[in-house]
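As a plain string of letters, each chain reads:
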Amino acid sequence: MRNKVAGGILCAAMAASLLSGCGSSIVDQAATKETAETVQQTEEAAGDKTDLSEVVPLKFNIATGNKSRTMTYNQESPLTLPDSTVVTAGMLKPMWSYVEKELNSKFSDVTIQDVKANDMIQTESTSNFSGANIFGGESIAERLMFYGTEGKFVNLTERMEAGYMPNFKDYLSKNPDVKSAVTAYDGNIYHVPYIAELNQIARTFVIRESWVTGLLDAEGAAYDQSPYDVHYNGFYVEGNRRTGENGGTVTPKIGIDIVKKTDQSIIEIQNALEVKNGETLTKALIQYIADNYDYENPSQLFLGEAAAYDIDEMIALMRCIKANPALLTEGKASAVWPLFVRQSNYREDLLRLSTYFDGVKVHGADSYGARWYIDENGDVQYTYSEEGVYKVLQYLSMMEAEGLIYSDAYDLTEKTNYRSTLWGTDTGEAPSFGFMTYDWIASSTADSLNPDTVVILPPVAKVNGAWQYYLDNGRAIKPDGWAVSVAGSTEAEIQRACAVMDYFFTKEGSVLQNYGLPINLESGKTYEGPDGIQYPLFTPWVYETSNNVAKGDLSTFLRDWMGCLIPIGYQKEIGFEYQYTSERGFEGWALLQNSTTNFATYAGKGITGDNPNYYKMVPPVFSLTSRQKETISDTTSLDTDDIVEYMFNIVRYQAKGNAPQGAEVAKSYEEYTAKFNERGLGIYEETYQAAYDVMTAEK
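Reading guide: rules and limits
Residues numbered from 1 in each chain as written. Predicted model: local features only at pLDDT ≥ 70, side-chain atom pairs only at ≥ 80, totals over all residues. Heavy atoms only, no water. Helix = DSSP H or I, 4+ residues; strand = E, 2+ residues; numbered from the N terminus. Rg over C-alpha atoms; globule rule 2.2 N^0.38 Å. Buried < 20%, exposed > 50% of the residue type's maximum accessible area, 1.4 Å probe, protein only. Contact = heavy atoms within 4.5 Å. Pairing = 2+ DSSP bridges. Axes fitted to C-alpha atoms, helices over the stretch in contact; angles between N-to-C directions. Salt bridge = Lys/Arg side-chain N within 4 Å of Asp/Glu carboxyl O. Phe/Tyr/Trp six-rings, centres within 6.5 Å; stacked < 30°, edge-to-face > 60°. Lys NZ or Arg CZ within 6 Å of the ring centre and 35° of its normal. Left-handed = near helix turned anticlockwise from the far one by under 90°. Nonpolar A, V, L, I, M, F, W, Y, C, P; charged D, E, K, R; others polar. pLDDT = per-residue confidence, 0-100. Core = buried A, V, L, I, M, F, W, Y, C linked by side-chain atoms within 4.5 Å.

With that settled, the discussion passes to the overall build of the chain. Summing up its helical and strand segments, the chain has 27 helices and 21 strands in all. Whereas a compact globule of 699 residues would reach a radius of gyration of roughly 27 Å, the chain reaches 27 Å, a difference of no more than 12%. Considering only C-alpha atoms, the chain reaches an extent of 85 × 55 × 50 Å along its principal axes. A buried classification covers 59% of the 699 residues belonging to the chain. Sequence-distant contacts, at least 24 apart, represent 75% of the contacts inside the chain between residues at least 6 apart.

The six strands are arranged β4-β1-β5-β17-β6-β20 in an open sheet whose pairing can be described as mixed. Each having just a single partner strand, β4 (105–109) and β20 (570–571) make up the two edges of the open sheet. In this structure, strand β6 (residues 192–195) lies alongside strand β17 (residues 477–484), joined through three bridges in antiparallel fashion. Bridge assignment links Ile 195 to a residue of β17, and that residue is Ile 477. Set on the sheet, helix α4 (residues 94–102) makes contact with β1 (56–63), β4 and β17; between it and β4 the angle comes to about 145 degrees.

Attention shifts here to the pattern of salt bridges. Applying the stated rule across the entire model yields 30 salt bridges. Across the salt bridge formed by Arg 159 and Glu 491, the nearest N and O atoms sit 2.7 Å from each other. One end of the pair, Arg 159, is in helix α7 (residues 156–161); the other, Glu 491, is in helix α18 (residues 491–503), and 332 residues separate them in sequence. Arg 159 sits in the buried class, given a relative accessible area of 16%. Two residues, Lys 253 and Glu 305, come together in a salt bridge whose shortest N-O distance is 2.8 Å. One end of the pair, Lys 253, is in strand β8 (residues 249–253); the other, Glu 305, is in the loop between α12 (278–292) and α13 (311–322), with 52 residues separating them in the sequence. Since its relative accessible area comes to 25%, Lys 253 is described here as partly exposed.

The subject of this paragraph is the pairing of strand β7 (residues 204–208). Extensive coverage of β7 is indicated by the burial of five of its five residues. Note: β7 against strand β13 (residues 434–439), four bridges, orientation antiparallel. Paired with Phe 205 across the two strands is Tyr 438, which belongs to β13. Relative to strand β14 (residues 453–455), β7 is paired through three bridges, and the arrangement is antiparallel. Note on β14: the bridge partner recorded for Arg 208 is Thr 453.

Next up on the list: the sheet that holds strand β16 (residues 466–471). Sheet strands associate in pairs through backbone hydrogen bonding, adopting either a parallel or an antiparallel arrangement. Strand order across the open sheet formed by three strands is β15-β16-β21, with mixed pairing between neighbours. This sheet does not close on itself; its edge strands, each paired only once, are β15 (460–463) and β21 (598–599).

Turning to the packing of aromatic side chains, a few remarks are in order. To describe a pair of aromatic rings, one takes the distance between the centres and the angle between the planes. Taken as a whole, this structure holds 59 aromatic pairs when the rule is applied. The interplanar angle of 70 degrees and the centroid separation of 5.0 Å between the aromatic rings of Tyr 406 and Tyr 418 together place this pair among those described as edge-to-face. Of the two residues, Tyr 406 sits in the loop between α15 (387–401) and α16 (418–423) while Tyr 418 sits in helix α16, which places them 12 residues apart along the sequence. Residue class for Tyr 406 comes out buried when judged on its relative accessible area of 13%. Assessed through its relative accessible area of 1%, Tyr 418 is described here as buried. Among the aromatic residues, those joined into a ring-pair cluster are Trp 372, Tyr 382, Tyr 384, Tyr 390, Phe 622, Tyr 646, Tyr 669, Tyr 672, Phe 676, Tyr 684, Tyr 688 and Tyr 692. The ring of Tyr 646 carries the charged tip of Lys 675 above its face, separated from the ring centre by 5.5 Å.

Mapped onto the elements of the fold, Ile 456 is located in the loop between β14 and β15. Sequence spacing of Ile 456 and Glu 209 is 247 residues, and the spatial spacing of their C-alpha atoms is 9.2 Å. Among all residues touching Ile 456, those that are not within four sequence positions of it are Thr 204, Phe 205, Ile 207, Phe 302, Leu 303, Tyr 309, Met 436, Leu 591 and Leu 592.

Let's shift gears to the packing of α12 against α13. Between α12 and α13, whose axes approach to 8 Å, the crossing angle comes to 145 degrees. Once α12 is placed against α13, the crossing between them reads as left-handed. Residue-level inspection shows Leu 281, Thr 282, Leu 285 and Tyr 288 of α12 in contact with α13, the latter providing Glu 313, Ala 316, Leu 317, Arg 319 and Cys 320. Among the residues forming the contact of α12 with α13, the class breakdown is six nonpolar, one polar and two charged.

All right, on to the confidence of the model for the chain then. Here the chain averages 92 in pLDDT, and 93% of its residues register 70 or above. Note that residues 1–47 has pLDDT below 50 and, in this model, 77 contacts with residues that lie over four places away or in other chains.

What follows is about unusual backbone geometry. Phi is mostly negative for residues that are not glycine, and the peptide bonds are mostly trans. You will see that Phe 129, though not glycine, has its phi angle at about 55 degrees, which is positive. You can see Phe 129 is positioned in the loop between α5 (117–125) and β5 (134–137). The buried category is assigned to Phe 129, whose relative accessible area is 0%. The phi torsion at Asn 199 lies on the positive side, around 65 degrees, for a residue other than glycine.

Moving on, we get to the nonpolar core. Judged by nonpolar contacts, the single largest core of 199 residues is most densely connected at Phe 60, Trp 96, Trp 482, Phe 557, Tyr 672 and Phe 676. Core analysis: the next-biggest nonpolar cluster, separate from the first, contains 14 residues, Ala 132, Phe 146, Phe 153 and Ala 483 among them.

Have a look at this one:
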């Protein structure tokens, strides 16, 4: 039923249309096209308690550390929308102008455009967040929760109970894991989180396909002859050989069983070669595959739906890659890099290989800060200090010593995008070449990046006591979001800010945030994803403009030019990603979805094993009391970058024994764990366990 306020909104919209034409936002340029029905739908979606009849200005401070990712359009060149509206530097981005208009407000972006969110929160806390109505950004959810309990941010639980934010309230009732994750220790909610595409695989393994087939399947290949030094000693060796019940038969897809016929170790075979070079290493791998598997082509051990390689076999292939640069690059390069991360601040993705060394846990969610897992008793355990992680660091150090890892990524001062460099310069004047990374499917299989990249199944491994295919990287509730200031807002501003946040949980608002303006979508048409679900369909203008201004990266275009997909409070849909995925990327999704591959979720379902909580993701942040925060600050030092540097010193220097003066390299697990104990590991775990107990208690 149309409520009383809707008529007021329509009048306000009509008045706005008469006054348009001389301001600095898109609203002031574009013709007003709303109908009474559209306004009524918006108002009813916002809830009976929300009064949109008056224009209520709002100030936003949304910090991302990147001036291109704010609400304000900061590109040098203007953007012309399909309706001829022109967006220039300093204006609100199109999506925010649209929301401003829909909710009868006037938005001001008061953000210092390139400030990091943590720095912004630190600064604004000194003035009780009085400088804006809405504050938000990346990796600040814990601080939004904390300051909320201190009375600095609006209690959204009370607002929802009073009839505001009905759509967000409904979303939380249907998604109790999200509700639990964003509830502070006092039982209230103070921020709206950025929620990634839950119950979907996050990142996975992507490789150059032709390098595998060219090495293993091609007859008469001219392998390189340069000598190769080995350091990696193998995982499936001695008493842990892969045979029989220990991974002798695995099932990559229902109806497909792959049997390993002997207990041979490819690492032992390669290490025992008298002469080690591109030819001998590769021929040894080809013969090993023939002796152990019934594939038509050797490359099938790694490619396609019947892949059954383990971590040692993957490293054996990496050796062949590393030892054959001239063959693989047609003489363009004297060195290639088998494994790389996208950029240096992604270096902790290397630790995700831990899963394939008997299921060692490193990250309990899709965040490097999620250094916890839930044990069989339901308690949280800090991962980085565990013996299994130390052993993984040692394995990685052996790989590093062989040159299997792109080592520039260890230096956090280095800002290069290695994926673009190692996959995107093949035809350039100074090409560089990489083989494998662990990254997002859509962007990693983009035709504009490299037409040879394909998704492969993860290594098969004993995970949680059961041999299986597993990716410990499901999409998560992010530690990002936004909240409403108490000191910076009047009651009318609080109500309008709540309406803005709630809007992105309506159908219209969700489509807007995930896909863009209505004029960017095909009317009456949808797009079918590989999951069989219908999603909004982009117009050709979106793809053409993205190609012209963002090198075809649709995600970057929507964020940096249109203003969508900024990591603040909304539920992201996978349909956006499906839609700009290449055919090879689609095949990759199908490969994973049709396989037996499991991945981490908040529900934590998986093959029965040693730990019933193994597959369960941890919350994005833990809500700490003032006393708990003081305890962590005063008695521990595990949240600093230097502890990660300490770990990577092992990777960089232990196997080669080349540590520079002053670099600490733990020579044993006892020495390694002593460092964590010195930094207050016991009280750190105890404090976070107490916080976790409160979060998971029955309410």
